[in-house]
Amino acid sequence: MREVEASKPAAGRSRFRRPSRRWLLAMGVAAALALGAALAPWTFSTSALLEEISGQLSSSSGLYIAAKGRSTFSLLPRPHITIDSIAFADPAAALTIEAERLHGNVRLPPLLAGRLELADVELIKPSIEIDLDRKPMTSAGAAVRAAAARPSTPEAEKADRARLGGVSIVSGVARLKTAGGEETIQDIDATLDWRTVGSPATLDAAFSWRGERPRAILWVLKPGALLRGEQTPVTARLDSESVRLEAEGFGQLGAKPRYTGRLSASSPSLRHALGLVNVSAPLPGPFENVQLSAKASVGLRDFQLSDLKLSADDNEFEGSFALRREGDKPIVHATLASNFVSLKPIIVDLPPLAGADGQWSRDGFSLPNILDADVDLRLSATRARILRLNLEDAALSLLLRGGRLELALAEAQAYKGTVKGRATFAANAAGALEFHGGAQLSGVDAGALAWDLAARPDLGGALDASLALDATGDSVAQLMRDLDGRASFTLTEGEVGGIDLERALRRVDKRPLSSAMDIRSGHSLVDRASATVKIVKGTANIEDGQAHGPGFSLAFAGQTRIPDRSLALKAQASEADASGKPREKGVQIGFDLSGPWDDPVFAPDAAALIKRSGAAAPLLPRGDAESGAAKER
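Residues numbered from 1 in each chain as written. Predicted model: local features only at pLDDT ≥ 70, side-chain atom pairs only at ≥ 80, totals over all residues. Heavy atoms only, no water.

**Q** Honestly, the overall build of the chain in this entry has me stumped. Any pointers?
**A** Counting its regular elements, the chain contains 15 helices and 31 strands. In the chain, 49% of the contacts between residues at least 6 apart in sequence involve partners at least 24 apart. Accessible surface, the chain as shown: approximately 36500 Å² in total, 56% of it carbon and sulfur. (Helix = DSSP H or I, 4+ residues; strand = E, 2+ residues; numbered from the N terminus. Contact = heavy atoms within 4.5 Å. Areas by Shrake-Rupley, 256 points an atom, 1.4 Å probe, with all protein chains shown as cover.)

Printed below as a string of structure tokens:
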């Protein structure tokens, strides 16, 4: 029993012997060495490391790889490699990339199995050159292999499983070369997350270009299908100072690349935004504060918008828009409708008619180049406003073809009547502007038109008019000197303010001298007034002018010098019955209207009035007085 008891371990005594101090020290040293090895990067020869990764990179990208700097491999904080001074190029040298450093994260499971696979790559300060004319794509790349496979085949499924990864660019510079020149994009910070050819891909890039720093985001659900010309969902967004754009729909590449889906965009100045890509807007107007949303169909040489909602220059439109290219010439077709449109922005770029001195502007025209585009724009507006003129149910068009711009108002309701008009502009071989214009008015309220057009309250009635003008010149003043044309005017059931012909004729026998004051007061009712005007080299000759109303009949003729803005008109008023028919041997009064348009001088025939006044007759020369007395006898 004693022997058995002695063989049992003592209570609380450990069953295992404690490691010796030497053993603990050895284990600590080993752990420290292992940790240090993990923390410290391992330096390899560039050729050795490139041999491990070039196969993967070449298989995915199809590019040749060369490096001049040192290479390192580290396990912590996660397995990664670093290669200094590395370059990539495709076989045709259409794409070359030279980076200061490549940083790549290594997948851990393959590493444990003895393989070196990159999960993603980061290029530090790469310099990228792309020659677009050489088509920088190679059949050795995974993306190109996927594009070459036939849709819905085992080859396509295999190509879509090809592993890619992620690529990031930090502080990069890209130079895009074409036969037409070179474009440089700087400060590129971009990330492409594309794990396999067939898995969703996301590109997020920011860059500096022409004074702005846009940010672009592109998401593709099935990039492999996209490359093979199949449709796949895509989403794109561009944010910059000049334009914001969002697109969500379906895209396809291949022989007929196209995007179809919803599109929305906005720009504080569309003209400025187009200028950034060297495109001049073929339409007149500033195109500021532009916002649009539409169904879009976009190809390489055409751009179509339907179900379009557009606002620009404080105007709102609905309709459709199409742009296509024939060679280098853009062809634009648009059909728009609006409840209210102000046409002031369309004519805002036109030169001013008058100069600082109040005369026609002598500033030379700066004619835009309109030979490089064709435009066919149709606009219908429930209400339209041109400067101070108001139109209803207006059908307008703008046609630009062969360097000739035509603006047309097919028809509109205005001031209780109808209005039509057309004007064409073109530059001749000498660089001067050729102008042709015409207008027709029918049943227009002359009073409302005169007030809106010139703030004149002294006219009323129903106005019918036609006008045709032609001129050539390099300034407004020159156009007015060269102006030719013809016009006719008819006013019915109206009135003319500031002149009372009936009262003056009625009182001229009793108070001949005061009739000069009577004629300049009140107003004259007009049953009908008409005139024709022939314009030759800026001089408008007024012919066949006549008017009649209760108690008077009026005949007038003369001319106006349009370049001088002056008027010289002679008129003869005759006493008439209530219907305006001249009385036999009725009283007559003659007067002149002359001077500048803004302030013409009304001058009655003073000699004739004095002859009728017995008290004032001695003031005339003797011959005139005796002649007047004889006539009275």
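On we go from here.
**Q** Looking at this structure, how should I read helix α10 (residues 446-454)?
**A** Since there are 3.6 residues in each turn of an α-helix, residues three or four apart along the chain are aligned in direction. Every buried residue belonging to α10 is among Ala 446, Gly 447, Leu 449, Ala 450 and Asp 452, and all of these are buried. Structurally, α10 contributes buried residues whose contacts are with β20 (389-401), β23 (433-445), β24 (459-473) and β25 (484-497). A side-chain oxygen of the first residue of α10 lies 3.1 Å from the backbone nitrogen of Gly 447; this N-cap is Asp 445. After α10 finishes, the residue Ala 455 shows a positive phi value of roughly 55°. (Buried < 20%, exposed > 50% of the residue type's maximum accessible area, 1.4 Å probe, protein only. Polar contact = N/O pair within 3.5 Å; in protein donor to acceptor, adjacent residues only side chain to side chain.)

**Q** Got a minute to help me understand the packing of aromatic side chains in this structure?
**A** Each aromatic ring pair is described using two quantities: the centre-to-centre distance and the angle formed by the ring planes. Tallied over the entire structure, the rule returns 3 aromatic pairs. Look at Phe 303 and Phe 321: their rings are 6.5 Å apart centre to centre, the planes differ by 70°, and that puts the pair in the edge-to-face class. One end of the pair, Phe 303, is in strand β16 (residues 302-312); the other, Phe 321, is in strand β17 (residues 315-326), and 18 residues separate them in sequence. On the numbers, 6.4 Å between centres and 80° between planes, the contact of Trp 360 with Trp 597 is edge-to-face. You can see Trp 360 sitting in the loop between α9 (344-347) and β19 (374-386) and its partner Trp 597 sitting in the loop between β30 (588-596) and β31 (601-604), a full 237 residues away along the chain. Its relative accessible area of 11% is what places Trp 360 among the buried residues. (Phe/Tyr/Trp six-rings, centres within 6.5 Å; stacked < 30°, edge-to-face > 60°.)

**Q** I'm lost on the environment of Ala 573 in this one. Help?
**A** Assignment of secondary structure puts Ala 573 in strand β29 (residues 566-575). Residue classification places Ala 573 among the buried positions, given a relative accessible area of 1%. Sequence spacing of Ala 573 and Gln 546 is 27 residues, and the spatial spacing of their C-alpha atoms is 9.7 Å. In this view, Ala 573 contacts Leu 501, Leu 505, Ser 553, Leu 554, Val 587, Gln 588 and Ile 589; residues no more than four positions away in its chain are not counted.

**Q** Explanation requested: the side chain of Ser 361 in the structure shown.
**A** Locating Ser 361 in the fold gives a position in the loop between α9 and β19. Of the residues examined, Ser 361 reaches a relative accessible area of 4% and is grouped as buried. Among the polar contacts listed, one links the side chain of Ser 361 to the backbone nitrogen of Asp 363, at a separation of 3.3 Å.

**Q** Help me understand the pattern of salt bridges, please; the structure alone is not making it clear to me.
**A** Pairs can form between side chains of opposite charge whenever their charged atoms are close. Under the criterion given, the structure shown has 24 salt bridges. Among the ionic pairs, Arg 213 bridges to Asp 189, the shortest N-O distance being 3.1 Å. Of the two residues, Arg 213 sits in the loop between β10 (201-208) and β11 (215-220) while Asp 189 sits in strand β9 (residues 181-196), which places them 24 residues apart along the sequence. On the accessibility criterion, Arg 213 (38% relative accessible area) is partly exposed. Owing to a relative accessible area of 33%, Asp 189 belongs among the partly exposed residues under this scheme. The closest approach of N and O atoms between Arg 324 and Glu 326, which form a salt bridge, is 2.7 Å. Residue Glu 326 is classed as partly exposed on the basis of its relative accessible area of 46%. (Salt bridge = Lys/Arg side-chain N within 4 Å of Asp/Glu carboxyl O.)

**Q** Please explain the environment of Ala 265 as it appears in this structure.
**A** With respect to the helices and strands, Ala 265 occurs in strand β14 (residues 258-269). Here the alpha-carbon distance between Ala 265 and Val 290, two residues 25 residues apart in the chain, equals 8.0 Å. If near-sequence neighbours (up to four positions away) are discounted, Ala 265 is found in contact with Arg 244, Leu 245, Val 290, Gln 291 and Leu 292.

**Q** I tried to follow the pairing of β23 on my own but got confused; where do I start?
**A** Side-chain direction in a regular strand flips from residue to residue, so the side chains alternate between the two faces of the sheet. Note that strand β22 (residues 417-427) and β23 share 10 bridges and pair antiparallel. What sits directly across from Gly 421, in β23, is Ala 439. If you look at the hairpin formed by β22 and β23, you'll find 5 residues sitting between the two strands, and Gly 431 has a positive phi there, around 90°. The pairing of β23 with β24 spans 11 bridges and is antiparallel. By the bridge assignment, Leu 433 is partnered in β24 with Gly 473. (Pairing = 2+ DSSP bridges.)

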